[in-house]
Amino acid sequence: TQLLEQSPQFLSIQEGENLTVYCNSSSVFSSLQWYRQEPGEGPVLLVTVVTGGEVKKLKRLTFQFGDARKDSSLHITAAQTGDTGLYLCARRQGGKLIFGQGTELSVKP
Amino acid sequence: GAVVSQHPSRVICKSGTSVKIECRSLDFQATTMFWYRQFPKKSLMLMATSNEGSKATYEQGVEKDKFLINHASLTLSTLTVTSAHPEDSSFYICSAEGGGEYEQYFGPGTRLTVT
């Protein structure tokens, strides 16, 4: 199993600040997904990136797939308290989803 | 997106008893369902993969006699935690894949507490 390293594991910021979460691997992946999970709920898919260098935007969230397809980042602009949650990157491997360790984001008012 | 439900959402059971968790795909036929376990503030850990009509494939370190998985139909998979112990307390999440797509749709999770 090829591991996905996420950083940071914990992040606590004030409302209005920007932040970036990283997802790295030593191997190339064909695609990568980002999920957000709120406490007591299942993860919800935010985006799938497929092409090296690809950038996708979802309102204040910007997702980037590295040119070599070994890393990805999630940038949130002007964070809001509603952005609080666990952010997970995941890749497909052998028909299964392999998740990163997750980044616990807390946005304080 | 497709909808996956889990029942119950929360369950408390006594040590030594068994508890069953259901996972249903509500608007598509799920050829494959997955069961995950999640500890507080941690990521999802895949426990097993189940295909309709066949035996589940368990991940390394997961006891198949303790965590019984049945995928009897294309819309239902069940996870039974047998002879539960307090260390089995966790958040269990299922996901379903099917309908011609390779995307996994996640259920809302079941919080199991063993006393």
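All of the points below concern the structure found in this document. (Residues numbered from 1 in each chain as written. Chains lettered and ligands numbered in written order. Predicted model: local features only at pLDDT ≥ 70, side-chain atom pairs only at ≥ 80, totals over all residues. Heavy atoms only, no water.)

**Comments concerning the pattern of salt bridges**
Selection rule: Every case where a carboxyl oxygen of Asp or Glu lies within 4 Å of a side-chain nitrogen of Lys or Arg is listed as a salt bridge. Exposed residues in this analysis have more than 50% of their type's maximum accessible area, buried residues have under 20%, and partly exposed residues fall in between, with area computed by a 1.4 Å probe over protein chains only. Secondary structure is summarised from DSSP: a helix means a run of H or I of at least four residues, a strand means a run of E of at least two, and numbering begins at the N terminus for each.
Applying the stated rule across the entire model yields 8 salt bridges over all chains. Residues A:E54 and A:K56 are paired through a salt bridge, measuring 3.7 Å at the closest nitrogen-oxygen approach. Since its relative accessible area comes to 19%, A:E54 is described here as buried. In this structure A:K56 comes out as partly exposed when scored by relative accessible area, which is 30%. Here B:K41 makes a salt bridge to A:E104, at a shortest N to O gap of 3.9 Å. Taken together, the positions of B:K41 in the loop between β4 (30-38) and β5 (44-51) and A:E104 in strand β11 (residues 103-108) put the pair across two chains. A:E104 sits in the buried class, given a relative accessible area of 18%.

**Regarding the environment of B:L68**
Residues and elements named next belong to chain B. Convention followed: Any two residues whose heavy atoms approach within 4.5 Å are treated as being in contact.
Mapped onto the elements of the fold, L68 is located in strand β7 (residues 67-73). Accessibility expressed as a relative area gives 38% for L68, which makes it partly exposed. For L68 and P86, which are 18 residues apart along the polypeptide, the C-alpha to C-alpha distance reads 18 Å. Once you skip the residues sitting within four places of it in the chain, L68 turns out to touch Y58, T78, L79, T80 and T82.

**Some thoughts on the environment of A:G40**
Examined against the element boundaries, A:G40 turns out to sit in the loop between β4 (32-37) and β5 (44-49). Taking relative accessible area as the criterion, A:G40 reaches 49% and is therefore assigned partly exposed. When near neighbours in sequence (up to four residues on either side) are disregarded, A:G40 contacts B:F91 and B:P108.

**Some points on the state of the cysteines**
Rules: For this text, the term disulfide refers to a pair of cysteine sulfurs within 2.5 Å.
Enumeration over the complete set of coordinates arrives at 2 disulfides over all chains. Bridging A:C23 to A:C89, the disulfide has an S-S length of 2.1 Å. Disulfide A:C23 to A:C89: torsion about the S-S bond roughly 75°, handedness right-handed. Taken together, the positions of A:C23 in strand β3 (residues 19-24) and A:C89 in strand β9 (residues 85-93) put the pair 66 residues apart, joining distant regions of the chain. The disulfide that involves B:C23 links it to B:C94, with 2.0 Å between the sulfurs. The sign of the 80° torsion about the S-S bond sets the B:C23-B:C94 disulfide as right-handed. Here B:C23, found in strand β3 (residues 19-25), pairs with B:C94, found in strand β9 (residues 90-98); they are 71 residues apart in sequence, far enough to count as distant. Just as B:C23 is buried, B:C94 falls in that class too. B:C13 takes part in no disulfide bond, and the closest cysteine sulfur, belonging to B:C94, lies 18 Å away.

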